[in-house]
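Descriptive structure summary
Read off the chains here:
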Amino acid sequence: ALSLAGCGKSIPLETTEAVAVVRQGELPAPEGLGLLTSDGYRIGPFDRIIVDVFGFPDLMRREIQVDASGRFSVPMAGEIQALGLTPAEAAAQVADRLKAGHVRDPKVSVNLDVTTSRVVTVDGQVTQPGNYPAVTDMTLTRAIAAAKGANEFAKLDDVVIFRTVGDQRMAALYNLRAIRRGVYADPKVYPF
């Protein structure tokens, strides 16, 4: 999660029992990033997908919600365990199940419609605060751009990124103006 401060006096970012403040460099990457990898998005709990089985009108543009354990069901194919699979891998599993059920050469596609398992929260003085899908190589400036940019009251030198690494909640303060000028690197932002 990240937050842009508004006008007014800044409150110093201090380490507490609940949050460790990182003062130098980038926050360490969180553990367990298995659902967002360099080879693409991996399906997570409560994601909404669209399954198409070509040649079967009842199985075209079928919007399906993945359950809490990462499973979904398709008529004639049954239950598919999709947690951690790419959409292409999930489509291959559906096709394999349909072949086993005597459908000759099924053509299946699975596409991500809405992700709820891999989001970043952008809060504070941005045009549209909210949860946004985390994409590969999400950075602070990209997350703020997803929220339609900082508003007129934002203090661009007081941008905080919160992250949980292991069991430790961490925070770091960034200067968005300096990042935009190339003074230092645009920090990575990870989904929670």
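Structure's up top.
As a starting point, this report considers the structure included with it. In this text the structure is predicted, and so the values were computed from the model without any measurement.

Some remarks on the sheet that holds strand E6 (residues 62-65)
Ordered by their spatial adjacency, 3 strands build an open sheet running E6-E5-E9, and the pairing between neighbours is antiparallel. Only two strands of the sheet have a single neighbouring strand rather than two, namely E6 and strand E9 (108-114). Strand-to-strand twist across the sheet, computed as the mean angle between neighbouring axes with direction ignored, equals 30°. Two strands pair when backbone bridges link them, and strand E5 (residues 48-53) and E6 are joined in this way by 4 bridges, in the antiparallel orientation. Residue Val51 lies in a different strand from E6, and its bridge partner there is Arg62. On top of the sheet, helix H1 (residues 87-100) reaches E5 and E9; it is set at about 135° to E9, its chief contact.

Points about the nonpolar core
Within the largest apolar cluster, 24 residues are counted, with the highest numbers of intra-cluster contacts made by Leu27, Val120, Val122, Leu140 and Tyr174. Elements with a minimum of two residues in this core: strand E2 (20-22), strand E10 (119-124), helix H2 (140-146), strand E12 (155-165), strand E13 (168-174) and helix H3 (176-181). Grouped together as the second largest cluster of nonpolar side chains are 21 residues, Val74, Ala77, Ile80 and Val110 included.

Definitions and limits used
- Per-chain numbering applies: the sequence of each chain, read as written, is numbered from 1 onward.
- Residues qualify for local features only when their pLDDT is at least 70, as the model is predicted, and side-chain atom pairs are given and counted only at 80 or more; totals for whole chains, interfaces and linings, by contrast, use all residues.
- Excluding hydrogens and water, the side-chain figures rest on all heavy atoms present in the structure.
- Note on pairing: DSSP must find at least two bridges between two strands before they are called paired.
- Only DSSP runs of H or I covering at least 4 residues are called helices, and only runs of E covering at least 2 are called strands; the numbering of each starts at the N terminus.
- Helix axes are fitted to C-alpha atoms over the stretch in contact, other axes to C-alpha atoms as well, and angles between N-to-C directions run from 0 to 180 degrees.
- A contact between two residues is defined here by any heavy atoms of the two lying within 4.5 Å.
- What is meant by a nonpolar core is a set of buried Ala, Val, Leu, Ile, Met, Phe, Trp, Tyr and Cys residues, joined one to another through side-chain atoms within 4.5 Å.
- Exposure is judged per residue with a 1.4 Å probe applied to protein chains only, and the accessible area is read against the type maximum: over 50% gives exposed, under 20% gives buried, and values in between give partly exposed.

Note that every value here comes from positions in space, so none of it alone points to a role or purpose.
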